[in-house]
Amino acid sequence: MKFKLLYNYLIAVALGIIVGFKVIPPTTVGIFYISISFLCLYYFLTKNINKVFQILPYLIYTEVFIRGVVRSFPYLTLQYLMIVGFLFNTFFAGSNSISKIHFKGVFFLVLFFILEIANGFAPLIPKITNAIQWNTLTLLAVALWASTIKLTSKQINTLMENIRIASVYLAGIVVVAHLQGKIDYSTASSSEASNGMAPVQLSGYFGVSTFLFLISILSSFDKRAKIIQIAALVFTLTLMILTFSRGGLYFFAFAALIYLFYNRSNLKGYFKFIFLLPAFYIIYTFVIEQSEGRVITRYEQKGTSNRDVLAIIGFYIFQENPIIGIGTGNYNKYIVQKNYFSVQSGVHDEYVRAAAEHGIFGIITYWGFFIALLVDILKRKKPEKEYAVYFYLLFFLITIHNGLKIAIQPILILLAISIKPTISAYTKRKKVKSNANITLQQNNEFGKYSTMPN
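Just so it is clear, the structure is predicted and the values come from calculations on it, not from any experiment. (Residues numbered from 1 in each chain as written. Predicted model: local features only at pLDDT ≥ 70, side-chain atom pairs only at ≥ 80, totals over all residues. Heavy atoms only, no water.)

(A) Spotlight on the overall build of the protein chain. When you go through the protein chain residue by residue, the secondary structure sums to 20 helices and 0 strands. For the protein chain, buried positions account for 56% of its 454 residues. Looking at the protein chain alone, contacts between residues at least 24 apart form 78% of all its contacts between residues at least 6 apart. Surface accessibility of the protein chain: about 19,600 Å² in total, with carbon and sulfur atoms responsible for 66%. (Helix = DSSP H or I, 4+ residues; strand = E, 2+ residues; numbered from the N terminus. Buried < 20%, exposed > 50% of the residue type's maximum accessible area, 1.4 Å probe, protein only. Contact = heavy atoms within 4.5 Å. Areas by Shrake-Rupley, 256 points an atom, 1.4 Å probe, with all protein chains shown as cover.)

In structure tokens, the structure reads:
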């Protein structure tokens, strides 16, 4: 098992380096990307979700490269794939799955999407309005499917493990910039250190995967080589920090704190975290040396790169247009027309955008969906509640930092909604009498989520 894990990571980083150096022409990489997308679509249409979970993470973690380098392909290619695939499996699964919705709060999101369409007939910038509508439909398609199923531990584990491997592959693409050198670090996000890809988007991908590496390392149920996992964590976390996009580190830190809170009675986990401190120190000293100390300046900067200003403007717009807002996708140009901001910019926060562009109806529907989901999660028994909270939190943090832009976000919602105990899992728990044994049974059941596919 240890050699298989090492083999997977080495192959992943090697492929990433080949792609990053453009040994294979980017257009050829794009053709492979489209071909694998069609293969993934085939598995969607044949209802082979296990195969989808083995392929989709690699498409997701290649998305940022395709967007940055292979610009001849549709920007929302992966969103279109997920819409078709998940809606097909919701409405044409052959068992009337739409009638088996276990999370009724998803209908808030249905209403919000209807609002996005109905309130988007007077776009100031049609391209932006259309992109927002497609991204919202992607989230809805995934959320609808997730509301009709409950993933098994094997499916969740398969998805998480392939996300980890895919992130090592993406890190291989990024590391090429550092192997080539000539990176001029400043006090802003660096596309040079990201090998030409969007640093803010990279922070979302790596923020998720670094946390998944962390819980794999700290889990007492994960029997894989911890040294290999730590090396992968150090590799991806270092590159994420060197993009100078601060969001990813914040996502990782917040999720790690929640993990430590939920596992505060697990002394072994705390000791393992303490043993990770030398690894974090190595990262700290390396990034300082590599950036000639500019990384410290970057993280000491006050403010949030105008995100706080853009959010405040969004609430001003809501106060002026409290009923129906200013229309889908109109924030970018509206703030310039009204002299609220000097250049066109998105709000970078879907919750604020929903209020500004759709008024009170946006708040009721969009915010209502996430409030309903949080209530649903908090009603679950541990450990399902714990893991669902992690994915809910990661989605929330990425979305208030970056808006709804990358394909990893709907997958986080998929996990947050569908991590629920199955009937068989409940039956197993009822057979266990003592509280101590119940805890052990739950941990063994959910511990599989941090191990290799069984």
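(B) Quick look at the confidence of the model for the protein chain. Taken over all residues, the pLDDT of the protein chain has a mean of 88, while the share at 70 or more is 89%. Counted against residues more than four places away or in other chains, residues 423-446, with its pLDDT under 50, gives 25 contacts. (pLDDT = per-residue confidence, 0-100.)

(C) Highlighting a nonpolar patch on the surface. Together, Tyr-7, Ile-11, Leu-15, Ile-18, Phe-21, Val-23 and Leu-179 line one region of the surface with nonpolar side chains, adding up to about 670 Å² of accessible area. The greatest single-element share of the nonpolar patch, amounting to 4 residues, is contributed by helix 1 (residues 2-20). The residue Tyr-7 is located in helix 1 in this model. (Patch = residues over 30% accessible without salt bridge, like charges linked within 9 Å, V, L, I, M, F, W, Y side chains within 5 Å. Salt bridge = Lys/Arg side-chain N within 4 Å of Asp/Glu carboxyl O.)

(D) Examining the side chain of Thr-138 more closely. Turning to its location among the elements, Thr-138 is positioned in helix 6 (residues 126-146). Given the relative accessible area of 1%, Thr-138 is considered buried. Excluding its chain neighbours within four sequence positions, the residues that come into contact with Thr-138 are Gln-79, Met-82, Ile-83 and Pro-410.

(E) Highlighting the pattern of salt bridges. In total, this model carries 7 salt bridges according to the counting rule given. A salt bridge links Glu-350 to Arg-353, with the nearest nitrogen and oxygen atoms 3.0 Å apart. Of this pair, Glu-350 and Arg-353 are both found in helix 16 (residues 350-378), 3 residues apart, which corresponds to roughly one turn of the helix. When sorted by exposure, Glu-350 lands in the same class as Arg-353, which is buried.

(F) How the structure looks around the environment of Thr-148. Take Thr-148: it is sitting in the loop between helix 6 and helix 7 (153-180). C-alpha separation for the pair Thr-148 and Lys-104, spaced 44 residues apart in sequence, amounts to 9.8 Å.

(G) The arrangement of helix 1 in detail. An ideal rise of 1.5 Å per residue puts 27 Å on 19 residues; helix 1 measures up with 27 Å between its terminal C-alpha atoms. Among all positions in helix 1, only Leu-5, Tyr-9, Ala-12, Val-13, Gly-16, Val-19 and Gly-20 are buried. One face of helix 1 carries all of its buried residues, which in axial projection span an arc of 125 degrees. Opposite the buried face of helix 1, at more than 90 degrees from it, the exposed residues are Phe-3, Lys-4 and Tyr-7. In this structure, the buried side of helix 1 is in contact with helix 2 (26-45), helix 3 (49-69), helix 7, helix 8 (199-218) and helix 9 (226-242). Within two residues after helix 1, Lys-22 carries a phi angle of roughly 60 degrees, on the positive side. (Expected span 1.5 Å × (residues − 1). Arc of directions from axis to C-beta.)

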